[in-house]
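Residue strings, one per chain:
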There are 2 protein chains.
Amino acid sequence: MTALDNAALRAATGAADGEQDRRAEIYRSAARIFHRKGYHATSINDIAAAVGLTKAGLYYYIKGKQDLLFAIMGFAMDQLDEQVIEPARRVQDPQTRLETIVARHAQLITQDSSALTILVNELEGLLPDDRADIIGRQRDYVDFIADTLAALRDEGKVVGLDPTVGAFSLVGMILWISRWYRTDGRLDGDEVVAAVTRMAISAVLSRGDYTSAGNPQESG
Amino acid sequence: MTALDNAALRAATGAADGEQDRRAEIYRSAARIFHRKGYHATSINDIAAAVGLTKAGLYYYIKGKQDLLFAIMGFAMDQLDEQVIEPARRVQDPQTRLETIVARHAQLITQDSSALTILVNELEGLLPDDRADIIGRQRDYVDFIADTLAALRDEGKVVGLDPTVGAFSLVGMILWISRWYRTDGRLDGDEVVAAVTRMAISAVLSRGDYTSAGNPQESG
DNA sequence: GCCAACCTACCGGGCGGTCGGTAGACTACT
DNA sequence: AGTAGTCTACCGACCGCCCGGTAGGTTGGC
């Protein structure tokens, strides 16, 4: 749950030691509250109160509400790059790569969905330039999945499925986890990740060709 | 695109004829703007301007912003009941029933996603009682899908898939359509509906048992 | 003359954000 | 050792703005 520490580290440009902790706490709290109430319904006062500051005190650490949102989304996107895309890129076999993508993305969400959920739900809260930046990175991600599906099609494992539609559909399935998964629920995170990964692979592979291509979890 | 006319009909309790059109236009516009900008980011003035009224003029037709939101969500839920759940309930065969659910729900979204998307994205904008109402109806829907998956499991067509996880995952896949489908895109609505339905069925059915159980579109 | 269908003008309040301060830790110089 | 200066980490008070909502008209068709 120290997921946003890096975001604060990136955001602070050459500040003292203790400041890092405080700033990280602010970003984490903001992400949690944005996630729960939504960006527009969250006031700067809400965030300030959550970290035990006044509004004016909070502004010592942040530039503004929109920068806060953009920083959180940027961090979430970095997380996706580092924990999902980069590891998957190193996997050659398309099916194993797809399993890696789905499992790792799902795993991120079951671990801490705040930033990743804000990333997809609060795009309209950003300034146009920032939004273009984030949307571009999201499109790259979908393209990456679509390319993987196209590779599976070239192998004959996927038949008659539009790679783009397939990619979007898988992403939707994964993102939706954050809406129904509860840490204290009937299934634990690993079980949910496994179930969703199995469904995702089954959704795209054509009948009669499926054999598990290994456990993509082992590389994390 | 006259999808919200009924909402206005339900909302207006014994008013004159012409008022219906105006009220319907207001609900439709509000749904469109809520969908585009989000509930909290939309002001009453935005809606008033969109229908060519001042804010005070708008209040002649509506009770308040939150009632507007609840009415739109209630309409969306009614739509789901009438266009998806009820038709599917009349289908006996579980697999055909599942196909009916997915195809009809997807179809609703490709036709006009405003109300249905607001329904899932703006829950926190409601008053507690209203929210409880909507959430209850949504849970009923997921349970209905889960029951259908359980029936498929009893037939041996689904193996090793938790019905609840399966239901949520399918719902996520369907709802996400509203985020990427464009009316003027490469694929038309029917193609998208068909592709997603195929993926959904493929996602839940166990290998080697799938045969298309008919075209669920023909009953609508 | 009446009523549906609006409008102008306004209200209290909360918003994001800023300003001028200041307590206290730390440093520098005598 | 004492003290003046400096900087970090805040706070109280305030700003202008816009919000949802309302009071009290006005107008045009019946």
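Residues numbered from 1 in each chain as written. Chains lettered and ligands numbered in written order. Predicted model: local features only at pLDDT ≥ 70, side-chain atom pairs only at ≥ 80, totals over all residues.

Colleague: Teacher, can you tell me more about the overall build of chain A here?
Modeller: Counting its regular elements, chain A contains 11 helices and zero strands. Order of helices (α) and strands (β) in chain A, N terminus to C terminus: α-α-α-α-α-α-α-α-α-α-α. Scored against the burial criterion, the 220 residues of chain A give a buried share of 44%. Counted over contacts in chain A with a minimum sequence separation of 6, partners at least 24 positions apart contribute 67%. (Helix = DSSP H or I, 4+ residues; strand = E, 2+ residues; numbered from the N terminus. Buried ≥ 20, exposed ≤ 12 C-beta atoms within 10 Å, placed from the backbone. Contact = placed C-beta atoms within 7 Å.)

Colleague: Help me understand the protein's contact with DNA strand D in this model?
Modeller: Residues in close proximity to DNA strand D total 19 residues, the closest being Ala56(A), Gly57(A), Ser43(B), Ala56(B) and Gly64(B). Looking at the surface near DNA strand D, the elements with two or more residues in it are helix H2 (17–37) and helix H4 (55–58) of chain A together with helix H3 (44–50), helix H4 (55–58) and helix H5 (65–89) of chain B. (Near = placed C-beta within 6 Å.)

Colleague: How should I be thinking about the interface of chain B and chain A in this particular structure?
Modeller: How big an interface is tends to be stated in terms of accessible area lost as the parts join. Contacts between the two partners involve 28 residues from chain B, matched on the other side by 28 residues from chain A. Considering each element in turn, the side of chain B that touches chain A owes the most residues, 10 residues, to helix H9 (residues 163–180) of chain B. Across the side of chain B that touches chain A, the residue classes tally to 16 nonpolar, eight polar and four charged. (Nonpolar A, V, L, I, M, F, W, Y, C, P; charged D, E, K, R; others polar.)

Colleague: Can you walk me through the domain arrangement of chain A in this structure?
Modeller: Residue and element names in this part refer to chain A. Partitioning chain A into domains gives domain 1 (5–64) and domain 2 (66–219). Across the boundary between the two partners, domain 1 contributes 14 residues, which contact 13 residues of domain 2. Elements with a minimum of two residues in the side of domain 1 that touches domain 2: helix H1 (5–11) and H2. If one sorts the elements of the side of domain 1 that touches domain 2 by residue count, H2 sits on top with six residues. Classifying every residue of the side of domain 1 that touches domain 2 gives eight nonpolar, four polar and two charged. (Domains from an automatic or database assignment.)

Colleague: Please explain the relation of the copies chain B and chain A as it appears in this structure.
Modeller: For the pair of chain copies, the relating operation is a rotation around an axis with a shift along it. Of the transformation superimposing chain B on chain A, the axial component is 0.0 Å and the angular component is 180°, with the fit at an RMSD of 0.1 Å. Here the symmetry operator amounts to a two-fold rotation axis. Closest approach to the rotation axis among the C-alpha atoms of chain B is made by Ala203(B), whose C-alpha sits 1.9 Å away. Mapped onto chain A, 100% of the interface residues of chain B are again interface residues, and the two copies thus contact each other with one and the same surface. (Least-squares fit on C-alpha atoms with pLDDT ≥ 70 in both.)

Colleague: Honestly, the packing of H9(B) against helix H10 (residues 189–204) of chain B in this entry has me stumped. Any pointers?
Modeller: Helix-helix packing: each pair is described by the crossing angle between the helix axes and the interaxial distance. All names here are of chain B. At a minimum axis distance of 11 Å, the contact between H9 and H10 shows a crossing angle of 165°. By the criterion of interaxial angle, the relationship of H9 to H10 is roughly antiparallel. Remark: the crossing between H9 and H10 carries right-handed chirality. Judged by residue contacts, Gly166, Leu170, Met173, Ile174 and Ile177 of H9 engage Val192, Val196, Met199, Ala200, Ala203 and Val204 from H10. Among the residues forming the contact of H9 with H10, the class breakdown is 10 nonpolar, one polar and no charged. (Axes fitted to C-alpha atoms, helices over the stretch in contact; angles between N-to-C directions. Parallel < 35°, antiparallel > 145°, perpendicular 65-115°, else oblique. Left-handed = near helix turned anticlockwise from the far one by under 90°.)

Colleague: Is there a simple way to think about H10(B) in this case?
Modeller: Owing to its 3.6 residues per turn, the α-helix brings residues three or four apart onto one side. Its 16 residues place the ends of H10(B) 23 Å apart at the C-alpha level, agreeing with the 22 Å of an ideal helix rising 1.5 Å per residue. Those residues of H10(B) that fall on the buried side of the exposure criterion are Val192(B), Val193(B), Ala195(B), Val196(B), Thr197(B), Met199(B), Ala200(B), Ile201(B), Ala203(B) and Val204(B). Residues of H10(B) that are buried sit in contact with helix H9 (163–175) and helix H11 (189–204) of chain A together with helix H6 (94–111), helix H8 (128–154) and H9 of chain B. (Expected span 1.5 Å × (residues − 1).)

Colleague: I'm lost on the nonpolar core in this one. Help?
Modeller: Burial of nonpolar side chains together is a common tendency in soluble globular proteins. Membership of the largest hydrophobic core comes to 122 residues, with the highest contact counts inside it found for Ile72(A), Val196(A), Ile72(B) and Val196(B). With residues up to four places along the chain from it excluded, the contact list for Val196(B) reads Ser169(A), Val102(B), Ala106(B), Met173(B), Ile174(B) and Ile177(B). (Core = buried A, V, L, I, M, F, W, Y, C linked by C-beta atoms within 7 Å.)

Colleague: Hey, could you run me through the packing of helix H5 (residues 65–89) of chain A against helix H7 (residues 114–121) of chain A in this one?
Modeller: Residues and elements named next belong to chain A. Relative to each other, H5 and H7 sit at 110°, their axes nearing to 8 Å. It follows that H5 is roughly perpendicular to H7 by the angle criterion. Seen along the crossing, H5 lies across H7 with a hand that is left-handed. Here Ile72, Met73, Phe75, Ala76, Met77 and Gln79 of H5 come into contact with H7, specifically with Ala115, Leu116, Ile118 and Leu119. Considering only residue class, the contact of H5 with H7 consists of nine nonpolar, one polar and no charged.

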